[in-house]
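# Residue-level structure breakdown
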Number of protein chains: 2
Amino acid sequence: MSMRMRHTMSAAGIALGALLAIPVAFAADDPLPAWNEGASKQAIIDFVTAVTTEGGPDFVAVDDRIATFDNDGTLWSEQPMYVQLAFALDEIRAMAPDHPEWKDTEPFKSVLAGDLAGVAATGKDGLEQIIAVTHAGMTTDRFEDTVSAWIATARNARTDRLNTEMIFAPMVEVIDYLKANDFDVYIVSGGGVEFMRPWTEKTYGIAPGNVVGSSIGLKYEVTDAGPVLMREADVDFIDDGPGKPVGIQKFVGKRPIAAFGNSDGDYQMLQWTTTGPGRRLGMIVHHDDAAREFAYDRESHFGKLDKAMDAAPKEGWHLISMKDDWKRIFPGD
Amino acid sequence: MSMRMRHTMSAAGIALGALLAIPVAFAADDPLPAWNEGASKQAIIDFVTAVTTEGGPDFVAVDDRIATFDNDGTLWSEQPMYVQLAFALDEIRAMAPDHPEWKDTEPFKSVLAGDLAGVAATGKDGLEQIIAVTHAGMTTDRFEDTVSAWIATARNARTDRLNTEMIFAPMVEVIDYLKANDFDVYIVSGGGVEFMRPWTEKTYGIAPGNVVGSSIGLKYEVTDAGPVLMREADVDFIDDGPGKPVGIQKFVGKRPIAAFGNSDGDYQMLQWTTTGPGRRLGMIVHHDDAAREFAYDRESHFGKLDKAMDAAPKEGWHLISMKDDWKRIFPGD
């Protein structure tokens, strides 16, 4: 529905409501239609109303309306494994014919055998080797093309849906609602910034310049075919845990007033956001819906939510129950 | 003049022009009134017209309209020394009473004696010590307050004007003109990102998230008074020379289609910008106006322009003559 149509219907609704003397609450006016009525939805609407009410005690100037969202597990599914990890494993499988030696070398041997526990057992060294062959040693343009081609076809191992179809419709509504209220919305993810940028604009409406993430080194080189940016194997920045407030300061330069996460990796981002002066909002997506998505928290390998769940009541962070708070999970539902 | 008034005058102008059959060129329609008519002004207008003409061969979608500006010497004066260096020296003078040992210790001894050559002679070590005491060992909030207080009163040593009054009015017009044509405009400076962010929005209309610059380390710490970001003495990123395309990729995530610089430190940013596919614009501010600002290029300590000036004709970069191209230099002129 266009903004114009919505506006017209809204005006008609108010007139009708006045005529019948009943409360006006048409679906067309609801900024969060995928949310069930309840404390979580109300917390979002109350917050946005408070900080945008000019002359009110909680008013925040447009320039300071910064909101940050974690990505994995907050905006899209991170089970049965992080999407970026699935990408790396797929790339290794695709490259394997040119690397016969991988059959006998870890971590590649475990990757090719589909043995995730074996990959995990190779630890930090193994992960660095996986990053080196799948994420580095190529230009930024080449990597962007590779990610774009992969994301267009790669499907979740358990649901067989495209990963970009496994985004959370209620959270995209929150992004749109905040943007409609003049918020500057950023993704702040532990995932690789260049892995996200090729598709965040189309998928969430978030431009590459508003994506903060982990990064590896880049080197400017002038080749015969012109200048390129080469991706190097060294880790440049880890945008996770205490790295998230650092990443926000580096890339945004302002302290957010609202933050959304789902795991202990978001603890410091939520803390940094909600301990600032004035009205603040911190929310945690709790994956408690095994039937429609996945159910996990304290014991999960991906998106472990333990310390942040314990801190939530004390810190005033709202737990979003996917099961109870969301009418729909995915856009296609 | 409001956009509305300008629009009304413009409509009247066209009607009058049609009536008298003369070319319509009212000042109110001129997006660059501080520029003299000539090749530089025309290059900017031609470029913007070309990339915004829908259906034209050079049309660029709004999402890809990225423009980057160097700061020192491109948007404001960098003589007789970089403004950030003046800030550091002022801070050392202010802190000196608490550090009697500085009278006998370099680089502080030379700073306090006003001996710039002596400071320069202390080299990289000296510079690092100056950064450590003036830019690190404090929270980001404290540094922001310090910069804000200093910039509100600090004056150029030669002209006695506020530094923020020594911005180049014609360049601010270019920023506004690009923004009015849906460009996303970034500052990409060798200067410290946190030194610029406190005043770029008010001074140039460029938000903190659109400022790319050099940075030192940040560390997230939880104190009794709440969480803080501590500034650490180690250099994190140098946004100069080949670092500029790297900084652009890190912070913007897209290749610019227009870039503006004034020194060899902007060489690679101009090269990265103008060697991309499609219509591109690269421009260099040439400081050739000793009467109204400063005249320097190949031999200058600050903003040396040598290699990039030689490359300009071959690369198609336009040299902007401050003397010939600009009607006014500073907003107060």
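Refer to the structure presented above.
Remember, it's a predicted structure, so these values are computed and weren't measured experimentally. Along each chain, residues carry numbers from 1 onward, in the same order as the chain's sequence is written. The naming scheme follows written order: chains are lettered A onward, ligands numbered 1 onward. Under the rules for a predicted model, residues below a pLDDT of 70 receive no local features and side-chain atom pairs below 80 are neither given nor counted, while totals for whole chains, interfaces and linings still include all residues. Only hydrogens and water are set aside when side-chain values are computed; all heavy atoms of the structure are taken into account.

Turning chain B through 180° and shifting it by 0.0 Å along the axis lays it on chain A, with an RMSD of 0.0 Å. When the rotation and shift are considered jointly, the pair of chain copies conforms to a two-fold rotation axis. In terms of proximity to the rotation axis, the leading residue of chain B is Phe251 of chain B, whose C-alpha is 3.2 Å off the axis. Contact criterion: two residues are considered in contact whenever any of their non-hydrogen atoms come within 4.5 Å of each other. Residue by residue, 100% of the interface of chain B is reproduced at the interface of chain A, so both copies engage with the same surface. Copies overlap after least-squares fitting; the atoms used are the C-alpha atoms of residues with pLDDT of at least 70 in both.

Across the contact, 30 residues belong to chain B and 30 residues belong to chain A. Buried area: the sum, over both parts, of the accessible surface (1.4 Å probe) that disappears when the two are put together. The largest contributions to the chain B side of the interface with chain A come from Tyr220, Gln249 and Lys250 of chain B, which together make up 23% of the buried area. Salt bridges are defined as contacts in which a side-chain nitrogen from Lys or Arg sits within 4 Å of a carboxyl oxygen from Asp or Glu. Linking chain B with chain A are four salt bridges. Between Lys250 of chain A and Asp236 of chain B there is a salt bridge; the shortest N-O distance is 2.7 Å.

With that settled, consider helix α7 (residues 140–151) of chain A. Put simply, DSSP H or I for four residues or longer makes a helix, DSSP E for two residues or longer makes a strand, and each gets a number counted from the N terminus. Residue count minus one, scaled by 1.5 Å, sets the expected span of a helix. For α7 of chain A, built from 12 residues, the straight-helix expectation of 16 Å at 1.5 Å per residue is met to within 8% by its first-to-last C-alpha distance of 16 Å. For the exposure calls, accessible area comes from a 1.4 Å probe over protein chains only, and a residue counts as buried if that area is under 20% of its type's maximum, exposed if over 50%, partly exposed in between. Those residues of α7 of chain A that fall on the buried side of the exposure criterion are Thr140, Phe143, Thr146, Val147, Trp150 and Ile151 of chain A. Down the axis of α7 of chain A, the sector holding all buried residues measures 125°, keeping them to one side. Seen from the buried face of α7 of chain A, the exposed residues on the opposite side, beyond 90 degrees, are Arg142 and Asp145 of chain A. In this structure, the buried residues of α7 of chain A make contact with α3 (83–95), α6 (123–135), α9 (193–204), β3 (211–223) and β4 (226–237) of chain A together with α10 (243–251) of chain B. Relevant arc is that of directions from the helix axis to the C-beta atoms, nothing else.

Residues and elements named next belong to chain B. Of the two faces of strand β1 (residues 66–69), the one carrying Ile66 and Thr68 and the one carrying Ala67 and Phe69 are both buried. Both β1 and strand β2 (residues 184–192) contribute to a ladder of four bridges, which runs parallel. Note that in β2 the partner of Thr68 across the bridge is Tyr186. Note that β1 and strand β5 (residues 258–261) share three bridges and pair parallel. Across the sheet, the residue bridging to Phe69 is Phe260, located in β5. By definition, two strands form a pair when at least two bridges between them are found by DSSP.

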